[in-house]
There are 2 protein chains.
Amino acid sequence: MNAAEQRRAVSKLLVVRASGHAGDQQRRYPRWELSNEELQRHLENGVGGVILLGGTATELQQRCRTLRSWSGGENLLLCADVEEGVGQRFEGATWLVPPMALGRLQANDPAKAMLLAERYGRCTADQARRCGLNWVLAPVCDVNSNPDNPVINVRAWGQVPEAAGALAEAFQRGLQAGGVLGCAKHFPGHGDTAQDSHLELPVLRHSRERLEQIELRPFRRLIAAGVESVMTGHLVIPVLDQERPATLSPNVLNNLLRKSLDFQGLIVTDALVMEAITGLVGPGEAAVQAFEAGADLILMPADADEAIDALCSALASGRIPSQRLEQSLQRRRDALQRCIGDQNRTEGISTQDAVETINSVETNDEHRFALELVSATLEVQGPSPIQAAPNGGVTLIRVDGALASPFLRPEAPAIGWPARRGFRPIICHELGISPWHDPPQEDDPLALDRLGEGPVLLQLFLRGNPFRAGRDRDDPWPAAIRQLLRLNRLAALVVYGCPYRWESLRALLPGTIPAAYSPGQMTEAQQMLMGRLLGDEHTLELGNEFTD
Amino acid sequence: MNAAEQRRAVSKLLVVRASGHAGDQQRRYPRWELSNEELQRHLENGVGGVILLGGTATELQQRCRTLRSWSGGENLLLCADVEEGVGQRFEGATWLVPPMALGRLQANDPAKAMLLAERYGRCTADQARRCGLNWVLAPVCDVNSNPDNPVINVRAWGQVPEAAGALAEAFQRGLQAGGVLGCAKHFPGHGDTAQDSHLELPVLRHSRERLEQIELRPFRRLIAAGVESVMTGHLVIPVLDQERPATLSPNVLNNLLRKSLDFQGLIVTDALVMEAITGLVGPGEAAVQAFEAGADLILMPADADEAIDALCSALASGRIPSQRLEQSLQRRRDALQRCIGDQNRTEGISTQDAVETINSVETNDEHRFALELVSATLEVQGPSPIQAAPNGGVTLIRVDGALASPFLRPEAPAIGWPARRGFRPIICHELGISPWHDPPQEDDPLALDRLGEGPVLLQLFLRGNPFRAGRDRDDPWPAAIRQLLRLNRLAALVVYGCPYRWESLRALLPGTIPAAYSPGQMTEAQQMLMGRLLGDEHTLELGNEFTD
């Protein structure tokens, strides 16, 4: 194999990340998701796998076709973290109750839980194939023995190895019957950690005996059942390796997983962009160490080119023997063999029909299955129904990440850029806690205790929409602005949308108060105004969160 | 023409509404959007047009292909209200500043505004075609002479007829160059109303002279420029018709628009589901009256089957002469002729390539154009940049409809069902006003003045997500529950997600307090729990809002 062929072969072992959206501008996490130009270049040069996140099920279908066309006929591994059904990540497909729900059911009705777990795998597989995926990164085989586990939690199939193993295996059966590859994760078991490997490096201080009794058992079951891939966890298990996390440890991967557990399928790393790894080594060295340790596939290298360069160098220098490369390539081919022929077919529909008449990714039966799972796992106590609240009451709803209207996602410039300057964002809208005194105080309408201390950068998205037009005239923004001015707390005023409101509100401001207006509310308008007001037009720092 | 042929011919004149999403479950407005089964039936039976709303640009592409396949080769009119670019409605395409922005620019730089308006039309047309649409329901020709106009407002191209007419005409030029049909609306002019025809019937009490000087001038320009369709407004103009809104008035449509203004193209009604019409007549009679008045196309009949039945009856009885039907069919054919041949092509790409490798609907040039528009229309005053807030400050952001996380859209069961029982929804999340006292009060953590009066139905969406896991352990929900219990204000507790939190929180409740849990957070889980708690499992009242 010459250098160019070797580079291409090495590239096959990478799995890079892409958004499911067609356009670069639609990416939710542009720091982590390759642009179309980069993606196309990588795929043309031989990169062999893509992990997808973001977009609807329909977009995913289209995206997979696009990616396969860019790979020029080479078989691609197309995967996603759809542990709870394709609908967990891709709207329009079916989102199922999390695995732990079946783990809880298993205590009361093990037979039913097992049947449901197998159907769960089948449903996920069928929809994954319809969307063009051939690899599902599930089941989680971690035993959630630690209720404080922040990262696994309800993603696990159980809190004890029997339940977790049995249900994960049933899920895998369903997945296999549906014709996609599965993935047992996160080896050797992330269930008893109290830290999140996205953020730091967890340590698992158990004996080898304890690992055999708890953590390893579901993995042994899945390997015996023929799971096609195992994903490494970024965690340190001192009894196995004092220094290196499992992902980079020859003792964990080559010895324990390959030899002791006799796993001959694909070993894939967890994402190498995670803090637990990037805190230790650079992108190139991480890929080489993982490969040396026994990994076949490198998932989400922090930098794809650096990873390929480093692997090629390691092969050239002999640090990695060339037969290791060939072994990994063969395992990859073997895995693809198991789903070749299905990639271009949707269930029971010819390619042409599929192209012309693709209906919903979700069948009625699958929707009913989702309902059946909810029904089987819900719990109710006390009397019902409850009394209505004829004189009015409130339903107080707590949720993470409630936002986003399409132009006001959590990563929107109007939110993120001021936040980086110390202005904590508070969104007020008709379904949130009101910023106004009730009963109203005419001269001081804002209930300032609800906002906290400090200067206020006021941003008003105001336009006359059908059905809502009257609403924005009701709020006493002029009086609020005067209130803030009297207290010397108005940092700036920004209006998006209605020019009439802009004209009337800016007239209230002395010349010393910055103010800006755009008729548009979209991201670009926010960027431009935030850039002007905050003075960093060319800086686009991207946040550290890369999934949600 | 026999009865069956006539029914099919009449069906051609309908334009029904569909979601851009592939699946029925994804519909945001199921009360207004036909199901796939109904859509397919209608299209197979000859319905000749679909108006689309909802979904991303990629979904729209796919949806248009599906709809065309269901119509079995018959040419369809596929349209959308994309007055501000396809991205206004379909994420992933380009969303442009609203037309009024160019109206304001026109006062200072008319030449530039005209050039931009034409490019605006071209950009919209190009993207519409890429998505499979052949008809853009724009430009708005209403002159927004009334700043209190709640429904037109920034959708108009100007506040005076010269600006509005010139810019709308420039837009239409761009649209035509891009190969899609346009639509001048809302005849004879909705600019000087203070009411929203979605909600009630506006009245325009002007003389005929005044109408000629203001309202009608942009329409005359657009007709002279060859606009292919005109949409009627649901408003009463007593000087033209004492009783009937324009949509149903022979004097407005047959006399004023056809004869006086010499318009020979397609007359399409505004949506017949709007309150201004449904408050007057039933679905069948509305369609017949509109057709009698001079309309060719019936947009969003309140009931398609009733509309077709009524029209067929009216033709059979002679109430509508049969040549009227043939005239409308001919106008429809003429319009389609202007864009036939483009329907199955994306710009410069063969169908096969398009199918295999559809990239973003938005080109880089179009994205730059959107930026150029923002830049040309933003306004800044006062000093900038502003000071950072090193000791902390707040950016208070006011917005309509900030919600929705995918499972907590404004129409979510967790929000809507309690609201119908008197429990007003308050969402608290990390970007909203906090419900907690600050500094914290250990025994009474909730700042109850922020929630208002009445019983509290508490719904906690709690699960351990990566990056956020610590957050839900910080909030003092146990103390809050005890606080509410002491005040006898806890109506019920609902937990979605984490079983550990469920176990610990429900243990705080006496048996007299209803509580429920589902491991899932999705719509189906909300439906089931709300049904159990509120006692209306089988009732699914749908809201009145049908767009946003």
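Residues numbered from 1 in each chain as written. Chains lettered and ligands numbered in written order. Predicted model: local features only at pLDDT ≥ 70, side-chain atom pairs only at ≥ 80, totals over all residues. Heavy atoms only, no water.

## Considering the overall build of chain A
Put simply, the rule reads: Elements are defined by DSSP. Helices are runs of H or I of four residues or more, strands are runs of E of two residues or more, and each kind is numbered from the N terminus. Whether a residue is buried, partly exposed or exposed follows from its accessible area with a 1.4 Å probe, protein chains only, as a fraction of its type maximum: under 20%, in between, or over 50%, in that order. Here, residues are in contact when the closest pair of their heavy atoms is within 4.5 Å. Method for areas: the Shrake-Rupley scheme with a 1.4 Å probe, in which residue coverage is limited to the protein chains shown.
A tally of helices and strands in chain A yields 20 helices and 14 strands. The buried share of chain A, taken over its 548 residues, is 63%. A separation threshold of at least 6 residues defines the contact pool for chain A, and within that pool the share at least 24 residues apart is 76%. Surface accessibility of chain A: about 19000 Å² in total, with carbon and sulfur atoms responsible for 47%.

## Quick word on the domain arrangement of chain A
All names here are of chain A. In plain terms, the rule: The source of the domain bounds is an automatic or database domain assignment. The buried area of a pairing is the accessible area, by a 1.4 Å probe, that goes missing from both parts when the two are put together, added over both. We define a salt bridge as a side-chain nitrogen of Lys or Arg found within 4 Å of a carboxyl oxygen belonging to Asp or Glu. Polar contact is defined as a pair of N or O atoms within 3.5 Å, subject to the rule that within protein one atom must be able to donate a hydrogen and the other to accept it, and that residues adjacent in sequence are counted only when both atoms are side-chain atoms.
On domain assignment, one finds that chain A holds domain 1 (13-349) and domain 2 (367-534). Summarising the inter-unit geometry, the C-alpha centres of domain 1 and domain 2 are found 39 Å apart. With 14 residues of domain 1 in contact, the opposing surface of domain 2 contributes 11 residues. For domain 1, the biggest contributors to the area lost against domain 2 are Arg28, Val97 and Arg119; these three give 43% of the whole. Taken together, the links from domain 1 to domain 2 amount to 2 salt bridges. Residues glutamate 379 and arginine 104 are paired through a salt bridge, measuring 2.8 Å at the closest nitrogen-oxygen approach. Run the count over domain 1 and domain 2 and you get 2 residue pairs in polar contact (both at pLDDT 80 or more). For the side of domain 1 that touches domain 2, the elements supplying multiple residues, two or more each, are helix H4 (99-108) and helix H5 (110-131).

## Regarding the sheet that holds strand S2 (residues 49-53) of chain A
Residues and elements named next belong to chain A. As a reminder of what qualifies: At least two bridges found by DSSP between two strands are what make those strands a pair.
In space, the 5 strands of this open sheet follow the order S4-S3-S2-S1-S8, with parallel pairing throughout. Of all strands in the sheet, those with a lone pairing partner are strand S4 (135-136) and strand S8 (298-299), marking the two edges. Looking at chain direction, strand S1 (residues 14-19) and S2 are connected through 5 bridges and run parallel. Bridged to serine 19 within S2 is leucine 53.

## Re helix H2 (residues 36-44) of chain B
All names here are of chain B. For the record, the criterion: The arc in question is traced by the directions running from the helix axis to the C-beta atoms.
Buried within H2 are the following residues: Asn36, Leu39, His42 and Leu43. End-on, the buried residues of H2 take up no more than an arc of 130°, which puts them together on one face. Residues of H2 that are buried sit in contact with strand S1 (14-18), strand S2 (49-52), helix H3 (57-70) and helix H12 (304-317). One or two residues past the end of H2 sits glycine 46, with phi positive at roughly 110°.

## Observations concerning the packing of helix H4 (residues 99-108) of chain B against helix H6 (residues 161-177) of chain B
Residue and element names in this part refer to chain B. Quick reminder of the rule: Simply put, an axis is a line fit to the C-alpha atoms, just over the touching stretch for a helix, and the angle between two N-to-C directions goes from 0 to 180 degrees. Helix crossings get a hand from a simple test, with the near helix turned counterclockwise from the far one by less than a right angle marking a left-handed crossing and a clockwise turn marking a right-handed one. Gly is placed with the polar residues, together with every amino acid not listed as nonpolar (Ala, Val, Leu, Ile, Met, Phe, Trp, Tyr, Cys and Pro) or charged (Asp, Glu, Lys and Arg).
Taken N-terminus to C-terminus, the directions of H4 and H6 make an angle of 115°; their axes are 10 Å apart at the nearest point. In the packing of H4 onto H6, the handedness of the crossing is right-handed. Residues Leu102, Gly103 and Gln106 of H4 form the contact with H6, whose participating residues are Ala163, Ala166 and Leu167. Its residues assigned to classes, the contact of H4 with H6 comprises 4 nonpolar, 2 polar and no charged.

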